[in-house]
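Report on the structure
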Amino acid sequence: MNKISTNSPKGTRDFLPVQTKRRQWIFDQLKSVFESHAYVPIETPAMENLSTLMGKYGEEGDRLIFKILNSGDYLRKADEQSLQAKDSNKLISSISEKALRYDLTVPFARYVVAHQNDLSFPFKRYQIQPVWRADRPQKGRYREFYQCDVDVIGSTGLWSEVELVGMIHKGFSKLGLEGVVVKVNHRKILAGMVEVIGKADMLIPITVAIDKIDKIGMEGVQKELLEKGLTENEIKMLKPMLEGNNDLSSMRDFLSSSEIGMEGLNELEFLLNNCAKLNFDLQVDCSLARGLNYYTGAILEVVHPDFPSSICGGGRYDDLTGIFGLPNVSGVGISFGADRIYDLLEAKNLFPSSLKESVDLLFLNMGDEEASLALQLSSELMDAGFSCMLYPDNKNFKKQMKYANELGVKKVLIIGTEELTNSEVSIKDMESGEQIRVSQKDLIKTLKS
RNA sequence: GUGGUUGUAGCUCAGUUGGUUAGAGUGCUUGAUUGUGGUUCAAGAGGUCGCCGGUUCGAACCCGGUCUUCCACCCCA
């Protein structure tokens, strides 16, 4: 018989009990922040229609969407021409009409349009669910990972951005993570920037290039921009902006001829001023671009010096619902990358020690009559607040003790023949090794003291 | 999608220039102790050396392919 591999698919992981407890703790912390800010939970399906997702994340994004094969004899219905030509891209639409969701924002936009009559706007929702990307796995990058999204939709008020920045700080402080840097930029500033140099049509490639300035330096960015078709002169014009140390007044000088750029700058200033009043730390970074194509206003990203990639990100999108038939609805939101946050907390040893798996009490199984009594007593112990179990098999003593030890049980309770006839229970403290015998009616009192 | 890297006992890893029967630590089973775990001692079980093919008298070791792991790029939480 062939052994079937026990590997989970590339880029996906199983979680042991401790890991699961820690992950749930992260979700719980964020949830409490979201709910205290009056966001409500929703869920959407793991899969979406392929047409809902395609084209929303750029060309690269389309490639990273996991497509689901149609049911049945899908090849019979496949497009003959593209099948013959082995043209995968063209073939897909005829053999796949569903896909795993790539993020939570686009499905949310669909959701908002679908349920617009049942929602009150502005609608504030949070959503903690897994998403899937067909990326090559590496550090901090998985094919299945959880996003924790918070969005406000149906409002253009910049106070939402202020609130979100506050929630970022609150969230990471609840997680016990110090040293996060919240970076901000504005898509309209980037638009103004390319307008000033007369390359408005190249917004995306230019922003993608300058986004890498931290990584590859000014020279690397220049090289990439040259490759993308900018002239030396145009790059020279950009330079003061990028080297301007993110100083608002120099940005104002640079953008003065661009209406949209000035608009962005004013909005950014509003955000900065109001965050400053509330002591929400925020750093302007005019090289921050963020790849997702749908952002139109402020863009946010959270990084930590001990982690290579961003642990949270988001921004404002003005017309995501438009493609689903509901125009002129603006939204803004952020997404916490739970798996990256987990890796970072793990590396920095920041998980509370209370998150270990533990059982308060374990009854040894010494026979049917004894076990039956143990279950009666454990029901009372559970009501009294203890976590409590009976060893399910009447195996030898040693084995049961060993199990108790492995589980980290605090106290082992023993009812054998002697205890049974005397209406007693032996209590063994697993840490000290001490053992006492008490009457059954004093059991709870003794354990609580 | 591009480039590199990794794979040997349940786990962590040694394994010499290609040479007889592939090792250690830990874990596991049993016993010392049939009502006492975590410590100690003794014995034992456990391997198609990721998989497929090639070179060779001979391959864990060399070559090709494939899968897996991790890393970088692209891109991103």
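Please refer to the structure placed before this passage.
Notes on the structure follow.

Each value, and the rule that gives it
Per chain, residue numbering runs from 1 following the sequence as it is written. Chains and ligands are labelled sequentially in the order written, the chains with letters from A and the ligands with numbers from 1. For this predicted model, a pLDDT threshold of at least 70 governs which residues receive local features, and a threshold of 80 or more governs which side-chain atom pairs are given and counted, while totals over whole chains, interfaces and linings are taken from all residues. As a rule here, side-chain values cover all heavy atoms of the structure and leave hydrogens and water aside. A helix here means a DSSP run of H or I that spans at least four residues, while a strand means a run of E at least two residues long, and both kinds are numbered starting from the N terminus. A fitted line through C-alpha atoms serves as each axis, taken over the contacting stretch for helices, and the angle formed by two N-to-C directions is quoted from 0 to 180°. Just so you know how the angles are binned, under 35 degrees is roughly parallel, over 145 roughly antiparallel, 65 to 115 roughly perpendicular, and the rest oblique. By definition, residues are in contact when any of their heavy atoms lie within 4.5 Å. Here a Phe, Tyr or Trp ring, Trp counted by its six-membered ring, pairs with any other such ring whose centre lies within 6.5 Å, and the pair is stacked when the planes are under 30 degrees apart, edge-to-face when over 60, and tilted otherwise. Residue burial is assigned from relative accessible area. The probe radius is 1.4 Å, only protein chains are included, and a residue is buried under 20% of its type maximum, exposed over 50%, and partly exposed in between. Counted as over-ring charges are cases with an Arg CZ or a Lys NZ within 6 Å of the ring centre that also lie within 35 degrees of the ring normal. Two strands pair under a simple rule: DSSP has to find at least two bridges between them.

**Quick word on unusual backbone geometry**
The omega angle of the peptide bond from Phe121 to Pro122 is -5°, so this bond is cis rather than trans. Within the secondary structure, Pro122 sits in the loop between helix 6 (105-114) and strand 5 (123-132). For Ala38, which is not glycine, the phi torsion reads 70° and is therefore positive. Checked against the element boundaries, Ala38 lands in the loop between helix 1 (17-36) and strand 1 (40-41). The backbone phi angle of Ser423 is positive, close to 55°, even though this residue is not glycine. Following the sequence through the fold, Ser423 ends up in the loop between helix 17 (417-422) and strand 15 (424-429).

**Topic: the packing of helix 11 (residues 232-243) against helix 12 (residues 248-255)**
Interhelical geometry of helix 11 versus helix 12 gives an angle of 155° and a closest axis separation of 9 Å. Comparing their axes, helix 12 and helix 11 come out roughly antiparallel. The segment helix 11 lies against helix 12, with Met237, Leu238 and Met241 engaging Met251, Phe254 and Leu255.

**Things to note about the packing of aromatic side chains**
Under the counting rule described, the total for this entry stands at 13 aromatic pairs. On the numbers, 5.1 Å between centres and 50° between planes, the contact of Tyr342 with Phe351 is tilted. In this structure Tyr342 comes out as buried when scored by relative accessible area, which is 7%. What links up through ring pairs into an aromatic cluster is the set Phe34, Tyr126, Phe172 and Phe336. Over the face of the ring belonging to Tyr142 we find Arg13, whose NZ or CZ atom lies 3.6 Å from the ring centre.

**Looking at the sheet that holds strand 3 (residues 67-69)**
If you walk across this open sheet you meet the 3 strands as 2-4-3, and the pairing is antiparallel. The two strands at the open ends of the sheet, each matched to only one other strand, are strand 2 (47-49) and strand 3. Averaged over all pairs of adjacent strands, the angle between their axes in this sheet comes to 40°, without regard to strand direction. For strand 3 and strand 4 (residues 96-100), the ladder comprises 3 bridges, and the chain directions are antiparallel.

Remember that the coordinates give geometry; whether it matters functionally is a separate question.
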